[in-house]
Amino acid sequence: MRKHLGTAIALALAGLSFAGIAGAAWADTAPTEQTTTQLPRGVQPTHYDVVVVPHAASLSFDGKATISIEVQQPTDRITLNALDLTFTSAQLAVESGKKVFFGAPKISVDEQAQTATFTFKHTIPAGSYRLSMVYSGKINTQPNGLFAIDYDSKSGKKRALYTQFENSDARRFIPSWDEPAFKATFVLDAIVPGDEMAVSNMPVASRSDLGQGLVRVRFQPSPKMSSYLLFFGLGEFDRTTTTSDGTEIGMVTQKGLSSQAQFGLESAKAILHEYNDYFGVPYPLPKLDNVASPGRSQFFGAMENWGAIYSFEYTLLLDPSISTLSDKQEVFGVAAHEMAHQWFGDLVTMRWWDDIWLNEGFASWMASRTTAKLHPEWNSVLDEVTVRETAMARDAVSTTHPVVQHVETVEQANQAFDSITYSKGEAVIRMLEGYVGAETWRQGVRDYIKAHAYGNTVSDDLWRAMDAVAPGKSVATIAHDFTLQPGIPLIRVEAASCKHGQTTLQLSQGEFTRDRPDKQPLSWHVPVIAQVLGAAPTSTLVSGGQASLDLPGCGPVVVNAGQSGYYRTLYTPKAFAALKGDFAKLAPIDQLGLMDDSWALGMAGLQSSSDYLDLVQATPVDAGPQIWDDIAGDLSTLDDYYRGTGERQAAFRRFAIAKLSPVFKRIGWQPQPGESAPTKNLRPDLIGVLSALGDRQVIDEARRRYAAPASDTQAMPEELRKTITAVVAEHADAADWDKLHAAAQAEKTPLIKDRLYMLLSRTEDEGLARRALDLALTDEPGATNSAGMIRAVAGQHPDLAFDFAVAHREQVNKLVDLSSSSRYYPGLGGGSFDPAMIDKIRAYADAHIAAGSRRAADTAVASIQYHIQVRSQRLPAIDAWLKRHGS
């Protein structure tokens, strides 16, 4: 343990005075357009010199910030963002170097507004100044601001420090203009133990010995960037490197785990080269680190800090004893997403949180595109349908919102990070790229990036770039329809007629919802691609609610061929029957699209809910593994709707097991040499679903393999170790649970240890679930794991988890990162089928959530209402279908 050094001593060791450090280059003019802000206008930061002295043992830090500012109009006060900071002193000096000071200001802190105001006795004329502040702050135990992660290692217990500032937590580390439009440059100095590694956005500029076991590390000046992108990490780390196009790429891990980051390192090298080419603007920083951290968050898995990506270990490291192909794909996908942000988000940043989708939707789309290009063997193009379905599940209910959404508060900004922002944003971009063409789209992206580098934008800046490269396509018109209003177009195939080898389609446009059948539909301009099976596709733009489309050939017609469109398709019974009859002939991506449309339309009452089961019946055992993976997921969801219905659920389970068992038998327990990537992923998914359906053969075999001696190397292949353990955990008795608990306590590798604690919470036994909840409130699982354990219990016991969390709210609040607080509790109850939970969630929201920040609570209520609706209105048709088919 190292002693806590007082602020004055620490700054003296740093050799710093109020004169500060010289400013950096790369500063640029501020945006001139009026921008949303929660701060007074008239003062603009241009550069920050920051010194931080962390005291890890006492969970506190000392700091000094000297900020170069432009006062644009005379004022006697300066207000900036600050939260959980205690100020010792402050002063203002003229930037020119003349010793002109304005006296010690009065410092007032507004905790609710998250601001600090410095009021001076005399008016400050317009001009350039340096505002210096000495302060102290807290090191948190959840990922907000500067935070600590405690973890076990083979050499004992360790503590590392990291920062997480998105969306509005830089103010916990630096008194700052903590909004995305206030871009500035940063120079960070850290006074740290000499035997630990400090990491930030830029390379180390200098390192000097201060004595007493401390060193001062100064990092090179950053480019002009938003405050939420600043990063600082400190701990006992290893760093391995490679280069790509002249940029040093680093992987920073806890000591001894650098080998587990090798795939991440190789992937980052390939991705950076691909992005340099795609964006046409080379990555501008001298290095790009990815920092792996133990633990987890309820809010995020990785963060795109410019030049220093932060990732929890489960999204970056591959442990050869447990990691699967799916884990490998996640590592690549997360890296591709965060690295795309280095351009979309970091180099070019949304002006305000209304347009956060410009960051997240684009990074998601770019990651999917890059995964498909660099790893075609994964056949990830079919995942595009899953992305769209994720968005539509959220977009079809009354509590949805536009992609571009109005944000007023920090809490509303936190709630903006949802599947509309990520998945709908990605799906709309994919549709627009398909509409204008891939090369035209890329040129528009390149022009947009070049025009706005180091600046801030709104969505229309992107649409203007696209209209410029795609004249006559009305990109902005289509984009506005899909981003400025919520909801999902419904394309109805009203009629199809064939004459002289040509099919004519009559299409109409409505709106798909699953909870508002009488809603007046909105209007969209919808790019539609359709084709007769086996013939060439044809496209049109549906506008004004109607369209006619001529297709070459006669036969079954697929609308949304290739599945790039963001809309549902409702066929006439005759057209649907034709597709069902030739289902095996459809392209796999169109099989997925037809099945997912049928599922959603059936659950919403727009066609028979049993039509989906007709498609399942029509799917051959040797259909593509991703088709069966999708079916398994939907059957698992249906089983959840049948939860607690006795013989009705038993009848459904007999059908589901009968459909999935032959598929599983075909691929078997043992991975085979040369099998495809989708098959490798299907195997554990089928084991998990069949186990959840109560398939005794699968459950018993998993238990046998789990209990097998270590000498039986075939029993627990690495690819199935997590899956087999999960089956045992789900169906555990008290002895099994105790055995897993002991394994979690003994484990020294955080990646494995954290997972074992999560598995303890996924038991179907309510008594054991209660034990997991009690365990979550202890220090044993780790501060960042406990909230996840409670959420894991909610997967099978939502009412139990919600009631427990509310009853222990004071303790649970300490376990939830603040960015997730308004949606964490409602999310626990959102899986309930009990009408009483609706009143519980509303009561919780009334008591604890601001009126303008209740979208998550309202969505949880809508979800429960939908569950009840499906049970009462849709399951009877499925019951009847099962009886007709002898289940």
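Reading the values: rules and limits
Residues numbered from 1 in each chain as written. Predicted model: local features only at pLDDT ≥ 70, side-chain atom pairs only at ≥ 80, totals over all residues. Heavy atoms only, no water. Helix = DSSP H or I, 4+ residues; strand = E, 2+ residues; numbered from the N terminus. Rg over C-alpha atoms; globule rule 2.2 N^0.38 Å. Contact = heavy atoms within 4.5 Å. Buried < 20%, exposed > 50% of the residue type's maximum accessible area, 1.4 Å probe, protein only. Pairing = 2+ DSSP bridges. Axes fitted to C-alpha atoms, helices over the stretch in contact; angles between N-to-C directions. Disulfide = S-S within 2.5 Å. Salt bridge = Lys/Arg side-chain N within 4 Å of Asp/Glu carboxyl O. pLDDT = per-residue confidence, 0-100.

Section: the overall build of the protein
Helix and strand counts for the protein come out as 27 helices and 28 strands. For a compact globule of 887 residues, the expected C-alpha radius of gyration is about 29 Å, and the protein comes in at 28 Å, within 12% of that figure. Dimensions of the protein, computed from C-alpha atoms along their principal axes, come out at roughly 90 × 70 × 55 Å. At a minimum sequence separation of 6, the contacts of the protein that also span at least 24 residues come to 71%.

A closer look at the pairing of strand β23 (residues 502–512)
Counting buried residues along β23, 8 of its 11 residues qualify, which places the element largely inside the surrounding structure. With 11 bridges connecting them, strand β22 (residues 488–499) and β23 associate as antiparallel partners. Following the sheet pairing, I488 is matched in β23 by F512. Taking the residues that link successive antiparallel strands as the turn, the β22-β23 hairpin has 2 residues, and the phi of H500 there is positive, at about 55°. In this structure, β23 lies alongside strand β26 (residues 546–552), joined through 7 bridges in antiparallel fashion. The residue of β26 that forms the bridge with L507 is A547.

What to know about the sheet that holds strand β6 (residues 115–124)
Across the sheet, 3 strands lie side by side as β3-β6-β5; this open sheet has antiparallel pairing. One side of each edge strand has no neighbouring strand; the edge strands of this open sheet are β3 (75–81) and β5 (106–110). For this sheet, the mean inter-axis angle between neighbouring strands, taken without regard to orientation, is 20°.

Examining the state of the cysteines
Cysteine pairs can be covalently joined through their sulfur atoms, and such a bond is termed a disulfide. Applying the stated criterion across every chain, the model contains 1 disulfide. Between C498 and C554 runs a disulfide, and the two sulfur atoms are separated by 1.4 Å. Here C498, found in strand β22, pairs with C554, found in the loop between β26 and β27 (557–559); they are 56 residues apart in sequence, far enough to count as distant. Residue C554 is classed as partly exposed on the basis of its relative accessible area, which comes to 41%.

With respect to the pattern of salt bridges
Within the structure shown, the criterion is met by 45 salt bridges. For D178, the salt bridge identified is with R171, shortest N-O distance 2.9 Å. Exposure remark for R171: the relative accessible area of 1% places this residue in the buried category. The salt bridge partner of R464 is D461, with a shortest N-O separation of 2.6 Å. Remark: D461 and R464 occur in helix α9 (residues 459–469); sequence separation between them is 3 residues, near one turn of the helix. Since its relative accessible area comes to 9%, D461 is described here as buried. Among the ionic contacts, a cluster of salt bridges with common partners joins R239, E248, K287 and D289.

Considering the confidence of the model for the protein
Averaged over every residue, the pLDDT of the protein is 93; the share at 70 or more is 95%. Ignoring residues within four places in sequence, the model shows residues 1–32, a span with pLDDT below 50, making 70 contacts including any to other chains.

Side note on the sheet that holds strand β13 (residues 214–219)
In sheet architecture, strand pairing relies on hydrogen bonds along the backbone and comes in two forms, parallel and antiparallel. Reading across the sheet, the 7 strands line up as β4-β7-β2-β1-β10-β13-β12 and stay open at both edges, with mixed pairing between neighbours. With partners counted over all chains shown, the strands left at the sheet margins are β4 (85–94) and β12 (204–211), one partner each. Averaged over all adjacent pairs, the angle separating strand axes in this sheet is 15°, with direction ignored.

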